[in-house]
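# Geometric and topological summary
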Amino acid sequence: MGQKKQRLLEAKRHQSPPDGTRTSYPKEPRLEPPTTLGPQRSIYFSSLKGRPARLGSEFFDQPAVSLARAFLGQVLVRRLDDGTELRGRIVETEAYLGPEDEAAHSRGGRQTPRNRGMFMKPGTLYVYLIYGMYFCMNVSSQGDGACVLLRALEPLGGLEAMRQLRHTLRKGVAGRALKDLELCNGPSKLCQALAIDKSFDQRDLATDEAVWLERGPLGPSEPAVVAAARVGIGHAGEWALKPLRFYVQGSPWVSVVDRAAKRNTQARAKASRDEDF
């Protein structure tokens with residue numbers, strides 16, 4: 001018992017002194033208790049090497065064309081009511097430039113209750129109904145009435161939940177099991193797979209708790225980007241031909257491949273490489 005009391009006295013001498021200073025012992029690192037109790041916060045609110053995982057308002061505050069390109073490679077995340085998180089890497093977008101753009105819902109500067117999200121601060125969602133049954137999701141950018149349409153994702157997580165949602169929400173389609181490539185290769189398919197509907201209209205992608213954008217993983221180099229004409233806007237005259245659709249070259253998850261635009265992109269890349277020699 002005398003030895004036990006002696007050890008206790010020795011331990012007390014090594015405790016923090018009354019003035020609150022602490023003594024460090026390099027050979028025996030101290031494990032600090034957690035700073036907060038309860039469940040840890042999701043990684044999308046945390047930082048990694050000083051880079052925020054969740055992209056904030058400053059990311060969206062840029063012109064539509066540069067934002068459409070910047071979206072490529074970033075990860076869209078949707079948290080369902082049961083806590084399931086669905087994730088997909090953005091591989092295809094379209095830019096809509098605002099009042100001057102004859103293909104934009106904001107052409108001529110007209111504002112309606114339907115398109116109000118296009119005129120709200122950058123990062124605001126604009127979700128609209130097409131064909132009376134499907135939804136498309138856009139994100140506002142710099143400039144009144146300008147936005148970016150999200151056209152296709154490469155599914156990364158929650159694929160079975162995406163498959164079930166697509167099966168439930170598809171209209172008039174037989175119950176054939178969908179392949180992974182079919183889950184998010186189109187703007188309406190993307191919304192079905194992530195359970196995005198009109199209730200998401202005018203939400204802030206920078207702060208919403210059910211849908212947000214995370215910085216994509218940094219690769220050895222940026223992927224080649226194809227600039228092509230937008231899809232399904234034949235009524236828009238010369239604007240139908242402008243190369244305002246952007247997608248990752250070679251991605252099998254893209255909705256529509258423009259072979260001519262792909263050849264032009266490859267030719268420009270080759271010319272650029274030749275200039276380096």
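It should be noted that the structure appears before, not after, this text.
Note that the coordinates shown come from a computational prediction; the quantities given were computed from them, not determined experimentally. (Residues numbered from 1 in each chain as written. Predicted model: local features only at pLDDT ≥ 70, side-chain atom pairs only at ≥ 80, totals over all residues. Heavy atoms only, no water.)

Think of an α-helix as turning once every 3.6 residues; residues three or four places apart then point the same way. A64, L67, A68 and F71 are the residues of helix α3 (residues 64–71) that are buried. The buried residues of α3 all sit within an arc of 105 degrees when viewed along its axis, so they share a single face. Residues of α3 that are buried make contact with α2 (57–60), β4 (85–96), β6 (134–140), β7 (147–157), β8 (211–214) and β10 (245–248). After α3 finishes, the residue G73 shows a positive phi value of roughly 95 degrees. (Buried < 20%, exposed > 50% of the residue type's maximum accessible area, 1.4 Å probe, protein only. Helix = DSSP H or I, 4+ residues; strand = E, 2+ residues; numbered from the N terminus. Arc of directions from axis to C-beta. Contact = heavy atoms within 4.5 Å.)

Before going further, it helps to spend a moment on helix α4 (residues 159–169). Considered for burial, the residues of α4 that qualify are M162, R163, L165 and R166. Considered in projection along α4, the buried side chains sweep an arc of 165 degrees and stay on one side of the axis. Away from the buried face of α4 by more than 90 degrees, exposed residues E160 and T168 are located.

By the alternation rule, side chains of β10 split into R245 and Y247 and F246 and V248, which are all buried. In terms of strand pairing, β4 meets β10 through three bridges, oriented antiparallel. Among the inter-strand pairings, E94 is bridged to a residue of β10, identified as R245. Where strand β9 (residues 225–228) lies against β10, four bridges are found, and the strand directions are antiparallel. Residue pairing across strands places A228 opposite R245, the latter belonging to β10. (Pairing = 2+ DSSP bridges.)

Read these as layout, nothing more, since geometry by itself doesn't imply function.
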